[in-house]
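These are the residues of each chain, in order.
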Amino acid sequence: MTATIIDGKAFAAKVREKVAAHVRHLKEDHGLTPGLAVVLVGEDPASQVYVRSKGKQTVEVGMASFEHRLEADTSERALLELIDRLNADPQVHGILVQLPLPDHLDSDLVINRIDPTKDVDGFHISNVGLLGTGQKSMVPCTPLGCLMMLREHHGSLSGMNAVVVGRSNIVGKPMAQLLLGDSCTVTIAHSRTRDLAAVCRGADILVAAVGRPRMIPGDWVKPGATVIDVGINRIEDGGKAKLVGDVDFDSAAAVAGAITPVPGGVGPMTIACLLANTVVAAARANGLAEPQGLTV
Ligand code: GUN
């Protein structure tokens, strides 16, 4: 069997179109321009690339982009004061603090200072609790993008066995909550899981989010399963830099029913969902109808 390739790049373009259409509606009918503030502390090269990309795409869909680049030695107090200002700014509907933060800053404290209704990353403890209890919340962007692709591919996910490999707060745990919300039978596996291969082989939906290049080979994949590869790992391949996922794509694609590639799978969906969360936050903040198909 050769798997269907789930084209995240094309799907992300469709999500951005929907976002742009709703932004036009908010501007023309309500005089409201959704705004996203991104805060970057320090000069981590990968974070700089992400932040630039976020700012560019924010403007492309017609929203206002506010970038705040702070020195690596910025004090916690100064960062918290900036977040307080953004919380109070009516032009800012979404706030994202790029992670990881430098070691001297307490990420939990910083994230939990963000107004939960502006927390477009869905990392604030209030949003985590709302998601866990099935209430309306801001949903973390990467798992939201994965869920959108799964729904698009399968329609209903009800009753399917889903295995999430990875237990991070950013991807693994919220992914499991979303799949449970869609009535999957969910297993969260991780580096200490006994016989991980056997656990993965039971999955109708296998989500890999461990951050280890090509860790999951094709013989861990159930024939016909849907594989969502969240990993973005930079490796040297024959002296050339290359991006690979957590799944060994070639061997997995020979067994799976459908699979997301790296690059071009989950990655583009993450920023598209950030834009979706921002337009949703702007609509909610103003008591307006939410766009259809951009939330869970
Ligand atoms: N760093 C890597 N991924 C993310 C993300 O989704 N949100 C934020 N804020 N930082 C990140």
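Below is a summary of the structure that appears in this document.

Criteria and cut-off values
- Residues numbered from 1 in each chain as written.
- Predicted model: local features only at pLDDT ≥ 70, side-chain atom pairs only at ≥ 80, totals over all residues.
- Heavy atoms only, no water.
- Salt bridge = Lys/Arg side-chain N within 4 Å of Asp/Glu carboxyl O.
- Helix = DSSP H or I, 4+ residues; strand = E, 2+ residues; numbered from the N terminus.
- Buried < 20%, exposed > 50% of the residue type's maximum accessible area, 1.4 Å probe, protein only.
- Pairing = 2+ DSSP bridges.
- Contact = heavy atoms within 4.5 Å.
- Axes fitted to C-alpha atoms, helices over the stretch in contact; angles between N-to-C directions.
- Near = heavy atom within 4 Å.
- Polar contact = N/O pair within 3.5 Å; in protein donor to acceptor, adjacent residues only side chain to side chain.
- Areas by Shrake-Rupley, 256 points an atom, 1.4 Å probe, with all protein chains shown as cover.
- Nonpolar A, V, L, I, M, F, W, Y, C, P; charged D, E, K, R; others polar.
- Expected span 1.5 Å × (residues − 1).
- Right-handed = clockwise from strand over helix to strand, strands pointing away.

## Points about the pattern of salt bridges
Under the defined criterion, the tally for this structure stands at 9 salt bridges. Taking the shortest distance from any N to any O, the salt bridge between Glu81 and Arg77 comes out at 3.4 Å. Note that Glu81 and Arg77 are positioned in helix α3 (residues 76-88) at a spacing of 4 residues, about one turn of the helix. The exposure class assigned to Glu81 is partly exposed, which follows from its relative accessible area of 38%. Residue Arg151 is joined to Asp182 by a salt bridge in which the shortest nitrogen-to-oxygen separation is 2.8 Å. Placement of the pair is Arg151 in helix α6 (residues 141-154) and Asp182 in the loop between α7 (172-181) and β6 (185-189), with a sequence separation of 31 residues. When its relative accessible area of 32% is taken as the criterion, Arg151 is described as partly exposed. Among the residues examined, Asp182 registers a relative accessible area of 17% and is labelled buried. Salt bridges linked by common partners bring Lys136, Arg284 and Glu290 together as one network.

## Comments concerning the sheet that holds β6
By way of backbone hydrogen bonds, the strands of a sheet pair with one another, either parallel or antiparallel. One open sheet accounts for 6 strands, arranged β1-β11-β8-β7-β5-β6; its pairing is parallel. Strands with a single pairing partner mark the edges of an open sheet, and in this sheet they are β1 (4-5) and β6. As defined by bridge partners, strand β5 (residues 161-165) adjoins β6 across 5 bridges and the pair is classed as parallel. Within β6, the position partnered with Val164 by the bridge is Ile188. Strands β1, β7 (205-208), β8 (226-229) and β11 (258-259) of the sheet are contacted by α6, whose axis makes an angle of about 160 degrees with β8. On the sheet, α7 packs against β5, β6 and β7 and is oriented at approximately 170 degrees with respect to β5.

## A look at the site of the ligand
By nearness alone, every residue bordering the ligand is listed as Leu96, Val97, Gln98, Leu99, Asp121 and Phe123. A distance of 2.8 Å is found between a nitrogen atom of the ligand and a backbone nitrogen or oxygen belonging to Leu99. Here a nitrogen atom of the ligand and a side-chain polar atom of Asp121 are 2.6 Å apart. Computed on the free molecule, the ligand has an accessible area of 280 Å², of which 79% lies beneath the protein chains in the complex. Of the residues in the shell around the ligand, the class split is 4 nonpolar, 1 polar and 1 charged.

## Observations concerning helix α1 (residues 8-30)
Its 23 residues place the ends of α1 32 Å apart at the C-alpha level, agreeing with the 33 Å of an ideal helix rising 1.5 Å per residue. Of all the positions in α1, only Gly8, Phe11, Ala12, Val15, Val19, Ala20, His22, Val23 and Leu26 are classed as buried. Phi turns positive one or two residues past the end of α1, at Gly31, with a value near 60 degrees.

## Examining the pairing of strand β2 (residues 35-41)
Burial runs high along β2: 7 of the 7 residues are buried. Burial of the side chains of β2 extends over both faces: Gly35, Ala37, Val39 and Val41 are buried on one face and Leu36, Val38 and Leu40 on the other. The parallel pair β2 and strand β3 (residues 64-70), bridged by helix α2 (residues 45-60), forms a crossover whose chirality is right-handed. As paired elements, β2 and strand β4 (residues 94-97) share 4 bridges and run parallel to each other.

Function cannot be inferred from these measures alone, as they are strictly geometric.
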